[in-house]
Every structure is written in C-alpha cells, then in structure tokens.
Amino acid sequence: MKNEQLVARGKAVLTPNYKQAPLALVRGAGSRVWDADGGEYLDCICGIAVNALGHCHPALVEALEAQGRELWHVSNLFFNPRAVELAEALLEGSLFAKRVFFCNSGAEANEAMLKLARKYQADLGRPERNEIVACVNSFHGRTMFALACTGQPKYHHGFEPLVPGVRHVPYGDLAALEQALGPRTAAFIVEPIQGEAGVMPAPAGYLAAARELTRKAGALLCFDEVQTGVGRTGRMWAHEWDGVAPDLLSAAKALANGFPMGALLASEEVGAHLTPGSHASTFGGNALGCAVALATLKVMRGGVLEASRAVSARLVERLEALRSTGRVAGVRGRGMLQGVLLQGVSAGEVVEGARDRGLLVNAIGDAVIRFAPALTLTAAEADLAAERLGAAIQAAPARG
Ligand SMILES: *Cc1c(COP(=O)(O)O)cnc(C)c1O
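Each value, and the rule that gives it
Residues numbered from 1 in each chain as written. Predicted model: local features only at pLDDT ≥ 70, side-chain atom pairs only at ≥ 80, totals over all residues. Heavy atoms only, no water. Helix = DSSP H or I, 4+ residues; strand = E, 2+ residues; numbered from the N terminus. Rg over C-alpha atoms; globule rule 2.2 N^0.38 Å. Buried < 20%, exposed > 50% of the residue type's maximum accessible area, 1.4 Å probe, protein only. Areas by Shrake-Rupley, 256 points an atom, 1.4 Å probe, with all protein chains shown as cover. Lys, Arg positive; Asp, Glu negative; His and termini not counted. Charge placed at Lys NZ, Arg CZ, Asp CG, Glu CD. Core = buried A, V, L, I, M, F, W, Y, C linked by side-chain atoms within 4.5 Å. Domains from an automatic or database assignment. Contact = heavy atoms within 4.5 Å. Near = heavy atom within 4 Å. Polar contact = N/O pair within 3.5 Å; in protein donor to acceptor, adjacent residues only side chain to side chain. Nonpolar A, V, L, I, M, F, W, Y, C, P; charged D, E, K, R; others polar. Buried area = accessible area lost by both parts, 1.4 Å probe. Salt bridge = Lys/Arg side-chain N within 4 Å of Asp/Glu carboxyl O. Pairing = 2+ DSSP bridges. Axes fitted to C-alpha atoms, helices over the stretch in contact; angles between N-to-C directions. Expected span 1.5 Å × (residues − 1). Phe/Tyr/Trp six-rings, centres within 6.5 Å; stacked < 30°, edge-to-face > 60°. Lys NZ or Arg CZ within 6 Å of the ring centre and 35° of its normal.

**Some remarks on the overall build of the chain**
A tally of regular secondary structure across the chain gives twelve helices and 17 strands. The C-alpha atoms of the chain give 21 Å as radius of gyration, which agrees with the globular expectation for 400 residues (21 Å, within 12%). Once the C-alpha set of the chain is aligned to its principal axes, its extents read approximately 60 × 55 × 45 Å. For the chain, the residues scored as buried account for 54% of the 400 residues in total. When the accessible surface of the chain is totalled, it reaches about 17300 Å², and 56% of it is carbon and sulfur. Side chains of the chain carry 39 positive and 39 negative charges; the gap between the two charge centres is 2 Å.

**Observations regarding the nonpolar core**
Counting 82 residues, the largest nonpolar core has F188, I369, F371 and L389 as the members making the most contacts within it. Inspection of this core shows a minimum of three residues originating in each of domain 1 (3–56 + 303–395) and domain 2 (73–285). Look past the residues within four positions of I369 in its chain and what remains in contact with it is Q338, G339, V340, L342, A347, V350, V351, V361, N362 and L389.

**A short note on the site of the ligand**
Every residue close to the ligand is listed here: S105, G106, A107, N110, F139, H140, G141, E191, D224, V226, Q227 and K253. Contacts to the ligand include D224, whose side-chain N or O atom sits 2.8 Å from a nitrogen atom. K253 is positioned such that a nitrogen or oxygen atom in its side chain is 2.6 Å from an oxygen atom of the ligand. The fraction of the free accessible surface of the ligand (380 Å²) that becomes covered by protein chains is 81%. The dominant element in the shell around the ligand, judged by the number of residues it contributes, is helix α5 (residues 106–123), at three residues. Looking at the shell around the ligand residue by residue, the classes come out as three nonpolar, six polar and three charged.

**Points about the domain arrangement of the chain**
Domain annotation of the chain identifies domain 1 (3–56 + 303–395) and domain 2 (73–285). The distance between the C-alpha centroids of domain 1 and domain 2 comes to 27 Å. Summed over both partners, the interface of domain 1 with domain 2 comes to about 1900 Å²; 59% of that surface belongs to carbon and sulfur atoms. Of all residues in domain 1, R332, R334 and L337 give up the largest surface area on contact with domain 2, accounting jointly for 30% of the area buried on that side. If you look at where domain 1 meets domain 2, you find one salt bridge.

**Regarding the sheet that holds strand β10 (residues 220–224)**
Across the sheet, which stays open at both edges, the seven strands sit in the order β4-β12-β11-β10-β7-β5-β6 with mixed pairing between neighbours. Every other strand in the sheet has two partners, leaving β4 (99–103) and β6 (166–169) as the edge strands with one partner each. Each neighbouring strand pair of the sheet contributes to a mean axis angle of 20°, computed without reference to strand direction. Where β10 and strand β11 (residues 248–251) come together, three bridges link them in parallel fashion. Across the sheet, D224 pairs through a bridge with S250, a residue of β11. Strand contacts of helix α8 (residues 206–217): β5 (131–135), β7 (185–190) and β10, with the helix running at about 150° to β10, the strand carrying the most contacts.

**Concerning the sheet that holds strand β1 (residues 25–29)**
Spatially, the four strands line up as an open sheet ordered β1-β2-β3-β15, and their pairing is mixed. Of all the strands in the sheet, the pair left with one neighbour each is β1 and β15 (359–360). Of the pairings in the sheet, the one linking strand β2 (residues 32–35) to strand β3 (residues 40–43) comprises three bridges and is antiparallel in character. Bridge pairing in β3 places R32 opposite L42. Running over the sheet, helix α12 (residues 379–395) touches β2, β3 and β15 and is turned about 105° from β3.

**Examining α12**
The α-helix advances 3.6 residues per turn, and as a result positions three or four apart in sequence lie on the same side. Helix length check: α12 (17 residues) gives 25 Å between terminal C-alpha atoms against 24 Å at 1.5 Å per residue, within 8%. Along α12, the residues that are buried comprise E381, A382, D383, A385, A386, L389, G390, A392 and I393.

**Quick word on the packing of aromatic side chains**
This model, assessed by the stated rule, comprises two aromatic pairs. Where F139 meets Y155, the ring centres are 5.7 Å apart and the plane angle is 80°; that geometry is what we call edge-to-face. Remark: Y155 occurs in the loop between α6 (144–149) and β6 and F139 occurs in the loop between β5 and α6; sequence separation between them is 16 residues. Ring geometry for Y171 and Y206: centres 5.6 Å apart, planes at 75°, overall edge-to-face. Here Y206 lies in helix α8 and Y171 lies in the loop between β6 and α7 (174–180), a separation of 35 residues in the sequence. Each member of the pair, Y171 together with Y206, is buried. Seen from the ring of W34, R27 lies directly overhead, with NZ or CZ sitting 4.2 Å from the centre. In this structure, R142 is placed above the aromatic ring of Y155, and the distance from its NZ or CZ to the ring centre is 4.2 Å.

This is how it looks when you write it as structure tokens:
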C-alpha cells in the first residue's frame, strides 16, 4: 500500500525521464533491500553497478558518520586531507596515473577527460587535433560532450546540435580505428567492457592494439571505466586484466559506493595540462565523498576483490546452466558485471518476473539482463539469484 502511494506521488512530481519500477525502496543491508511494504529483494543491480560493497556497509557508515562530524566541504580554494588521501589511494598500484581530478559523476569525469584531451593537444601547439574518436554503441554520459561521444543516436534526439568533432567506429574493429585516427585526432575514448550496450567485452587484444595505434597516431587513449572500474570486474580497474595503460581514465559509479563521486586519473604528462583555472568543480573532492571513497577502497583491498572473483565464477556457472531452459543463449562479461543473453522471451518481462520473485536486475534492450551485484555477494546469494532468474525465465511468456 505504501509502495503504491509513494509511486503515485513520485509520478506526480518527478520529471518522467525514467522508466521506474512500481517500487519504493526504503532500506538496504548488504545485498538485500526492502520496499515500503516490507517486501525483501536480493539486489543484483546495486544502483547500476554503484553499491559495490552492498548497502550500508558498516565501515562506510562509520566513515561517513565520522567525517560528517568533522568537516563536510571547503571547496578547492583549500586542501582537505580526505581528498589528498583518496588521490594517493587511487594512484596506488596504477599502471599509468600520477594525477587525480575529482568531480561528482561519470559524465563529469568524461567531460573533464575529453576537455583535457583537447587542451593537451592545443597546449602542444596543434589545436587542429581536436577530434575525438569514440565507439558505436558506447555510453559516456548525458552532458553535451559526453553525449556527443555516446554512440547511441537515440540519446542524441532532440538535443542537437551536438558538440562537433566526434566520429564513431565499430567497437572492436581495429581496421576502422586505424583508419579513423589521423592528424586531427585528439583522443580515442573507449570502455573496456561496453556496459550500456548490453555488457559487451572488448575482443581479446583490442585494448593493446588501440594503445599502439593511438601512440603511433599521436592521439591520447582514454578509458571510460565509470562502470568497469573500482573492483567491478574483480580487479581495481578492468584494464589491468589486459595490462594496457591509457593516458586518461574516468571513474565514478562504485567509487564511493553510492555517495556521488567521480574522478579523472591522468598520467603525469597529460595531467599537468589541467592548469590553474582551466577546469574546476565546486563539489569536487568534497570531504564527505572522499572519506566514503577512501573507506571503499580500503575495504575492497582488504580481500574483497579476490573473494569476488570466486563468487562471480560461481554466479556465471549458475547463469550458464540456465541455457538448459532453451531461453538463455549465453552469458558474457567479467567479474561482477555480467549480461545474460535471452532468446524467445522479452528481457523486460523477465526483469518484472524476477522482481516478483525477489530479485533485482535490469534489462538492456529487449534481450539482455544485466547483473551488477555487490562484490560482497555470497555464494549462497549467487545460487539464489540464478534460481530466481531461472524461475522468471521459465515463467515468461514466449515471444511471438
Ligand atoms: C554510467 C556511465 C556513465 C555516466 O555516469 P553518470 O554518473 O550517470 O553521469 C558514463 N560512462 C559509463 C561507461 C557509464 O556506465
């Protein structure tokens, strides 16, 4: 009853840009969330790959409360210890990064990354190098530059004119990339796994070859790790699996486990070009967000990453077993980011059926179910998730 009322009130006052489930979630703990009527769910989408340590992790609650009593925000007119400590923690073990810029979302991190790519080239005396090469089906966010790079025309409609100087190449197509890179290219922006395209991992060797091609062409290599970063794939950054270092990297989603935070990581050479006054964010690096992010990284590095690999392998195994329904064509992804490819049933209907059975996942298009559970998901929860998804798939009406 409370669900129904909250949903009705929400629909009356919020802009209608989201397709929202008729549920109001009021409480969470670990991988469980509860709705306003007391219904319990196993959360395998976690705020779209955000709550990587689950809901209300005690160490994060502690960090937030402690920082909340000490200092919230001072702006970047001054240093604050949490921002310094978080930057140090983010750079620890990085294959390339020596500098960090803080912001508040994924789109903003990409906006900073794209702007810096242009500025770097302009500072080097070649302002004609202002083009960005991006991928078809990519997703980089909703601000204008990030939107222009997003390779999904449906998101462009109504918002033209887009930022000029962006061209798209098919994801995974090295010949097309080589052809697109030239004397006018500032940078190539790419996701190690295309999350919003339906969890599409890059083909083996693609990132390494892109590194070589961009280097040869004098263009920067930018990894959008907003979705894949901060532990999602079982390592701190997805590019570590390939051992390929970009020049720039954007992060957000899981960075502070649900407190809005974004970050741009840069090599020393490129990061140095974000000179005083050139770019800024009022809230960027605010002490509350940094304190939570710092605690997030600490917990993740305390054994969570390793443990998540074993559970994600089990989850994949259980999801793969759903092929026996004849309605699952495959499972793809890495670590705790997996897409279940359906056939003969609608992903939207399966998501609704899963919700009715106490499992939260989301549909990408009409054929893919995305799993982005907490890295702290237990083996028993992985089994339960696969069981509930299986039941929902079996019960879904056949698509004509
Ligand atoms: C979610 C996402 C973004 C946008 O992040 P926001 O915080 O919604 O602005 C950008 N890139 C990728 C790969 C994402 O998954």
